[in-house]
Amino acid sequence: MLSRLIVLFLIVATPSFASQLQQDVVKSPNDKREYAYTTLGNGLEVMFISDPDTDSAAASLDIQVGSSSDPEQYPGLAHFLEHMLFLGTAKYPEPDEYQKFISDHGGSHNAYTSLENTNYFFDIQADFLEGALDRFSQQFTAPLFNEEYVEREVNAVHSEFSSKIKDDGRRYLSSFKTTLSPNHPYKKFSVGNLETLKSSDNKSLREALLDFYGTQYSANRMKLVILGKEPLETLAKWVQDRFTDIPNKNLPITNIDTPFFPGGFLPATLQVKSVMDKRSMTLAFPIPSPTPYLKSQPMSYLANLIGHEGKGSLLSALKNKELVDTLSAGTQFDTRSKALFMISMSLTEKGLKQQNEILETVFAYIKLLDNEGIQKLYFDEQAKLSKINFEFSEKAPPISYARAIASSLHEHKAKDILMAGYDLSDYKPELYKEYLSLLTPDNLLISISSQSVFTDQESEWFNAPFSVKPLSISTVQSLKKVGVLDELKLPEPNRFIPDNINLVKAENDTIPRKLDSVNGVELWHATDTSFGTPKATLFLSIRSPKAVDSVEHQALTQLMVSLLNDNLVEYSYPAYLAGLSYDLYKHIRGISIKISGYEDKQTELLSAILDSVQTSEFKQERFSIIKERMKRSLENEKERKPFQQAISKTQDLLITPSWSVDEKLAALESIKLEDLKAFRTVFLSTIDTAILSNGNIEAPESQALAKLVEDKLLKKAKIAHVDKASIINLSGDHGWVAPISVSHPDTSFVFYLQGENKSYAEHAKFSVLAQAISNDYYALLRTEKQLGYIVFASPFSMLDVPGIAFIVQSPTSNSQAIYQETNSFLQAQTETLENLDDASFERYKQAVIARLEEKDTNLFQRSSRYWSEIDRENAQFNTKEALIQSISELAIPTFLEFYGQLLSNSGNSLLVFSEGNATKAASKEVQYQELRKANHKNLEHLDLFQ
């Protein structure tokens, strides 16, 4: 009896884990989710997010250990550990168990290793979160680090390294690291490869891995975020049951307080030779970390002014001098003790030659800020916009939301995590002055990246040519004496900050309906306030038969769009700051304008954009700069990653009209400003338009927007329907192959299988096929065969024609070997699929359906989906529902028949590849160009590989 009383007393006296949850998280009034947080007994801090309406659950675990913690003798070990944690645990020993469970239930997973953190994350159908958490947690409690996969996975890390050796960002970073203080943790080689990740006489690679895991991974360094549809108490129990076994070694959490640069090194200039034809300048100033001043945000205040793009701004002055194209400013490499404030600019050819004038203009603007730039007006504007943005915050996708919060929990209290960055309530002019005083010529590293810079060294691992030299005393003294320039002005008060943020009365049906409108305007409207924000979207397509009826007109359309955007920067930038953005871009049939954000000032912005489209002045100096920039962009396409080039070539071969990079370059070369001015008149002389107006807007206002389009564009234009682009139908007795020339040591490989028609039934079959076999393809070619880091099989629809593509980039195998492995895999899948049971087949179908059924998380996402329906001329807006029905009705016999026909009909296939050696494919490329007009007869037969 006594023992029973003791047990009862313990049950009553011991508080439940759920009762320990704290639920005082400050959240937006527009946020209907519930939040709680706690710290487990092992020191792991956890945030729980309950969203009963979510279709997708997610989790993220962020550990405050990154590549800067790598042992000196094993560079890249933190990154390698990130790879290895996925490959089997004590409870789930199969190396693909975690990935397969996630994939089979409509989810995705990934991880990344940064300088100080490693983040693991996934999403999954909401009904399967508990099973996913069980597998996920095992990676941090009982990973196997199987010897066999240690030896294999190091090849994948090496492949990842190989795929990035010509990446300009990586090459610049490797050169930048040479300037850091000798003992700075950021100097380390973070990726790893076969040379750095190998066993030594004293220790095997697996032993090194186990040592690192044992000495660096600890629960007290981790933050976990769980988002699911279940109540907070249920989520908490799942976590308590699975994550309390993560060992807490009470490891210290310290900030890196080592100065970035050695004493006496600054001021200096770093020059790095780029692979792509790009020109950039970055000014880096070491500063104390601004992290302690969250409610004042000194560097955000200064970056907002220095990075401003409006009239009188630093960027505006530099563009007027034809020195700079783009400019941005902000804090990077924040160690919570030290940071770098960076001003980054893309340069014109003239700017590369006149760097001193750029520097003088930058320091003249800093002088202007020092004299009169610290004003409460600018702080109050930022504070007001932050408050509005927080009040009307929209949902982010669960996976990115969980990942962002997990990372931020290292910096902010859980209670304030959602409000962090929005609460601008402490105006500190003296603090802004203090930070501004550090932006001086003698506290500066200038970095120049270009193909034409002088270099005398090579960085380790990425072999990037670079040079470093002190900034001359005369230059420093000259920059210190710079005064304020007349052309530089502080921003005017932002007239685009919304005044009316009231919600209109919502309609019952948020599906767009076609409204009576003016001639030549296809107007679709929906009033939709279901996301609780006073935002709206306005999508406008201006379609012209002259947009892409020739390669010359295609180039002229792109030039016109680029110049229009360039002319609109000064006007539109304040709107962007005020939460009202636009996108003006070229598409296959013409140009589109997309406006999104707070509805209050959208009419004013649209009117200015339409005026620009019709009458904006094209100036010779900006035309020359933008034409040269477009030329470099086209040439740089040849320097993209091999698999990206192969994907682009696949699309270019099959979509018509389309042209090769060389054809586009040839057309661009001869275009003059007069040609562009004449083309705009021709382009606008015959058009038709379509509009989608959606969100916090009523029908009369949408009709007024359509009337504005008519007044600005259509009164003098002929109205004519513009046909869609089309896709070449692959057919014949053999498959087709197109070798391409790529200047990269890796092989690229895209094997594409095309569907027979555009029906929902055909789309359903390809969607289920990709779901059924993609994980196995990855497991075989990447995990087992180690053919490359980039390996995936994916649905590959083009212009509503379904298909599937098998994509590989390999540093070790040629295209023939990859094709043979892919072909063997596809043949072997015949037996696998024939043995499918009903439960497995239903699981594949439900995984696809679950992704289709996911709710829109914000207005722009919903409007984009509607816009696609309008483009495909589906007035029912029911593509998603029709596809779900087709998937639901798909039976195993029908699916097996489809797969058999897909493999037997080889004429529906296209292989695009490069061998990693440009000379091998060069002669075939010439032959291919000569035969281009013969449609798919220009493609050589696939039996070259048989």
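Being a predicted model, the structure only gives us computed values, none of them experimental. (Residues numbered from 1 in each chain as written. Predicted model: local features only at pLDDT ≥ 70, side-chain atom pairs only at ≥ 80, totals over all residues. Heavy atoms only, no water.)

1. Quick notes on the overall build of the chain
Put simply, the rule reads: Each helix is a run of DSSP H or I of at least 4 residues and each strand a run of E of at least 2, with the numbering of both proceeding from the N terminus. Type-normalised accessible area, obtained with a 1.4 Å probe on protein chains alone, sets the label of each residue: buried when under 20%, exposed when over 50%, and partly exposed for intermediate values. The contact rule is simple, with two residues in contact once any of their heavy atoms fall within 4.5 Å. Note that accessible areas follow from Shrake-Rupley with a 1.4 Å probe, and for residues the cover is restricted to the protein chains shown.
Along its length, the chain carries 30 helices and 28 strands. A burial count over the chain gives 56% of its 946 residues as buried. For the chain, restricting intrachain contacts to residue pairs at least 6 apart in sequence, the fraction spanning at least 24 positions comes to 82%. Accessible surface computed for the chain: about 38,800 Å², of which carbon and sulfur atoms make up 49%.

2. Regarding the sheet that holds strand β2 (residues 45-50)
Rules: Strands pair, by our definition, only if DSSP identifies at least two bridges between them. Axes here mean lines fitted to C-alpha atoms, for a helix over just the part in contact, with angles spanning 0 to 180 degrees between N-to-C directions.
Strand order in the open sheet formed by six strands is β1-β2-β6-β3-β5-β4, and the pairing between neighbours is mixed. Every other strand in the sheet has two partners, leaving β1 (34-39) and β4 (108-113) as the edge strands with one partner each. Within the sheet, the average angular offset between the axes of one strand and its neighbour, ignoring direction, is 10°. Where β4 and strand β5 (residues 118-125) come together, six bridges link them in antiparallel fashion. Note that in β5 the partner of Asn110 across the bridge is Phe121.

3. Thoughts on the nonpolar core
Note the following rule: By convention a nonpolar core is built from buried Ala, Val, Leu, Ile, Met, Phe, Trp, Tyr and Cys residues, the set being connected through side-chain atoms within 4.5 Å.
Counting residues in each nonpolar core, the largest one holds 62 residues, and the members touching the most others are Ile593 and Ile595. In terms of residues, this core owes the most to one element, helix α17 (residues 551-577), which gives 10 residues. Those residues within four positions of Ile593 in sequence are excluded, and the remaining contacts are Leu538, Phe539, Leu540, Ile542, Asp583, Leu584, Ile609, Leu610 and Val613. By size, the runner-up hydrophobic cluster in this structure holds 55 residues, among which are Leu77, Phe136, Tyr213 and Leu235.

4. So, the environment of Phe751
With respect to the helices and strands, Phe751 occurs in strand β24 (residues 747-754). Classification of Phe751 as buried rests on a relative accessible area of 6%.

5. Points about the environment of Ser868
Note on placement: Ser868 falls in helix α27 (residues 859-871). Measuring from C-alpha to C-alpha, the distance between Ser868 and Thr879 comes to 9.7 Å, with 11 residues separating the pair along the chain.

6. Comments concerning the packing of aromatic side chains
Keep this limit in mind: Any Phe, Tyr or Trp ring, taking Trp's six-membered ring, that has another such ring centre within 6.5 Å forms a pair; planes under 30 degrees apart are called stacked, those over 60 apart edge-to-face, and the others tilted. Should the NZ of a Lys or the CZ of an Arg lie within 6 Å of a ring centre and within 35 degrees of the ring normal, that charge is described as sitting over the ring.
Summed over the entire model, instances satisfying the criterion amount to 44 aromatic pairs. Each ring, one from Phe161 and one from Phe189, has its centre 5.7 Å from the other, and the planes form 80°; the classification is edge-to-face. Of this pair, Phe161 sits in helix α5 (residues 147-163) while Phe189 is found in the loop between α6 (168-176) and α7 (205-216), placing the two residues 28 residues apart along the sequence. The same class applies to Phe161 and to Phe189, which are both buried. Look at Phe189 and Phe462: their rings are 6.2 Å apart centre to centre, the planes differ by 75°, and that puts the pair in the edge-to-face class. Remark: Phe462 occurs in the loop between β12 (457-458) and β13 (465-470) and Phe189 occurs in the loop between α6 and α7; sequence separation between them is 273 residues. Residue classification places Phe189 among the buried residues on the basis of a relative accessible area of 9%. Clustering of aromatic rings is evident, with ring pairs tying together Phe86, Tyr98, Tyr120, Phe122, Phe136, Phe140 and Phe243. Arg680 extends its terminal NZ or CZ atom over the ring of Phe618, reaching a point 4.2 Å from the ring centre. Sitting above the plane of the Tyr844 ring, Arg843 keeps its charged end 5.7 Å from the centroid.

7. Structural notes on the environment of Val504
By the element assignment, Val504 lies in the loop between α16 (473-480) and β14 (513-515). Residue classification places Val504 among the partly exposed positions, given a relative accessible area of 24%. Val504 sits 25 residues away from Thr529 along the chain, and the two C-alpha atoms are 7.5 Å apart. When residues no more than four places from it in sequence are discounted, the contact partners of Val504 are Thr527, Thr529, Asn696, Ile697 and Glu698.

8. Details of helix α14 (residues 398-408)
As a reminder of what qualifies: This arc corresponds to the set of directions leading from the helix axis out to the C-beta atoms.
Every buried residue of α14 is listed here: Pro398, Ile399, Tyr401, Ala402, Ile405 and Ala406. Buried residues in α14, looked at end-on, bunch into an arc of 165°, giving them a common side. Elements in contact with the buried residues of α14: β1, β2, β3 (56-63), β4, β5 and β6 (222-228).

These figures capture arrangement, not role.
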